[in-house]
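Take a look at the letters that make up each chain.
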Amino acid sequence: MPDAGSAAAPAAGTQPEEADRLRELLRSPAYQKALVFCALIGIPVSLLAFWFLAAVHELEHALWADLPSALGWDTPPWWWPFPLLAIAGVTVGLVVKYLPGAGGHIPAVGLHSPGQGASALPGVVIAAFASLPLGATLGPEAPLIALGSGLALLFAQLVRAPVTPRSTPLLAAAGAASALPAIFGNPLIGAVILIEVAGVGGPQLFAVMLPALLASGIGSLVFTGFGRWTGLSTGSLSLDLNAPSPRIDAGDVLWSIPMAVVIGFALHLIMNTGRLTALFVSTRTIARTTACALAAGACAAVYTLITDRSPVDVASSGQDTLGQLAHDPHSWGVGALIAVLLFKAMAYSLCLGSLRGGPIFPSLFLGAAAGVLLAPLPGLGVVPGLAAGMAAASAAALRLPVSSAVLVVLVMGSTAMTPVVLLSAVVAFVTVQLLPPGRAVPVPGKAAPPPSDRAAAS
């Protein structure tokens, strides 16, 4: 029998290697300094992100509400999207062709981990302002990720902080996390999305998680306090269901499975069409980007002519419209729901490959509209259908099932729908993974990869 002293060493050695590496990481002075710097850098990044979002929100409201009202229309006329999206197409095409970073990553490929440097910031900001307020069927999350990460690296250079290959991803993730809380109304969602996008595990997961969570919490405090002080709104996503969440029954659970399969297949088709659009605009970029933007405007115009509803239902991220749908789903007739699903899906696929923005918000709206449309099925309720549809659509579009489930549960403001949300997110994710991969999307400004390489690149 060994004595107590000799037994101590083997006992310590039996701890998992990952735990030992994590302990060494947390005790590292370099990592501790990086953690503190990430917390500090979250303050200016979140302030600039606040003004960016507030400006986008105010400009969108001015173009789609104030200006039509001043001209005597209660809602924008059917032709309203054409001039705005023409401007968007020309501007984004010029940014993609002539500015570093090509205005940010192409939204048809989903969300990317933060990686673009400070040189891409002007193009990201211009492309976002040209796309989001002018009617692109995209959300603001991807430009925010690029903006936050680029600003974090820029501030690190300005203060001459030591930037190494190991610290750069941490700074970029922290900057992106500090910029995201405002649009989701919760600091946890942005951090979870970035952690899942990074696709790391073990000690690397904790290395990315801690600065992302810390910066996201600080960014949320800044957004909340600054928003109250200025009175400006950034349009954070939150749903008012106008009724308590019902209890889940067997019908809700059973219907959520085929719903998730169908929605997953539909979103996979939309994302693949977006990739084809990206390939189409990779040559003759300015003319073809403008053509795709005008085609997206035509979707909104035809929708308005058919339904006599506002073109904003189609020509927008869907964030505000999603809140209206969740608050009063019965105000939408079956015809209007079918029309908005068809025309918004077409506009979404066109904007995914040509303009700049994020894929989350339109996918959430499409899933919610599908859930409300299918709610009359026997045994399926409106709220469970809404929750299941959003979870399935976001998981299929992003291929991030954990982030999608967390996002929907927190946005719903209740854990009552959690079982349906988790089941739908997993089923939709598996459905998409089992389908053939989409076409590879070329980096803007570079030639498309040969056909033999496309499946691997996807």
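Above this text is the structure in question.
This is a predicted model, so every value here is computed, not measured.

Draft legend 1. Local environment of the state of the cysteines. By the definition in use, this model includes zero disulfides. Left unpaired, Cys292 is separated from the closest cysteine sulfur, that of Cys351, by 8.7 Å. Accessibility expressed as a relative area gives 5% for Cys292, which makes it buried. Take Cys299: it sits in no disulfide, and the sulfur closest to it among the cysteines is that of Cys351, at 8.4 Å.

Draft legend 2. The arrangement of the side chain of Ser131 in detail. Turning to its location among the elements, Ser131 is positioned in helix H5 (residues 121–131). One polar contact links the side chain of Ser131 to the main-chain amide nitrogen of Arg356, over a distance of 3.2 Å. In contact with Ser131, other than residues within four places in its own chain, are Val92, Ala136, Leu355 and Arg356.

Draft legend 3. Summary view of a nonpolar patch on the surface. Residues Leu67, Leu71, Trp73, Trp78, Trp79 and Leu305 make up a contiguous nonpolar surface patch of roughly 590 Å² in combined accessible area. As for its position among the elements, Trp73 is in the loop between helix H3 (29–70) and helix H4 (81–98). Residue class for Trp73 comes out partly exposed when judged on its relative accessible area of 32%.

Draft legend 4. Broad picture of empty space enclosed by the protein. Scanning the entire structure with this criterion turns up one cavity of 30 Å³ or more. Each pocket or cavity is described by its volume, and for the largest cavity that value is around 50 Å³. If you trace the largest cavity, you find it lined by Gly103, Gly104, His105, Val124, Ala142, Pro143, Ala146, Arg356 and Gly357. For the lining of the largest cavity, the element with the highest residue contribution is helix H6 (residues 141–158), accounting for three residues. Taken together, the residues of the lining of the largest cavity sort by class into four nonpolar, four polar and one charged.

Draft legend 5. The arrangement of helix H14 (residues 334–354) in detail. In this model, H14 (21 residues) spans 30 Å end to end at C-alpha, consistent with the 30 Å of a helix rising 1.5 Å per residue. Within H14, 16 of the 21 residues are buried, leaving the element largely enclosed by the surrounding structure.

Cut-offs applied
Residues numbered from 1 in each chain as written. Predicted model: local features only at pLDDT ≥ 70, side-chain atom pairs only at ≥ 80, totals over all residues. Heavy atoms only, no water. Disulfide = S-S within 2.5 Å. Buried < 20%, exposed > 50% of the residue type's maximum accessible area, 1.4 Å probe, protein only. Helix = DSSP H or I, 4+ residues; strand = E, 2+ residues; numbered from the N terminus. Polar contact = N/O pair within 3.5 Å; in protein donor to acceptor, adjacent residues only side chain to side chain. Contact = heavy atoms within 4.5 Å. Patch = residues over 30% accessible without salt bridge, like charges linked within 9 Å, V, L, I, M, F, W, Y side chains within 5 Å. Areas by Shrake-Rupley, 256 points an atom, 1.4 Å probe, with all protein chains shown as cover. Salt bridge = Lys/Arg side-chain N within 4 Å of Asp/Glu carboxyl O. 1 Å grid on protein atoms, 1.4 Å probe; cavity = no way out; pocket = protein on both sides within 12 Å on 5 of 7 lines; lining within 4 Å. Points joined across faces, edges and corners; volume = space filled by probe spheres on them. Nonpolar A, V, L, I, M, F, W, Y, C, P; charged D, E, K, R; others polar. Expected span 1.5 Å × (residues − 1).

Any link to function would need more than the numbers given here.
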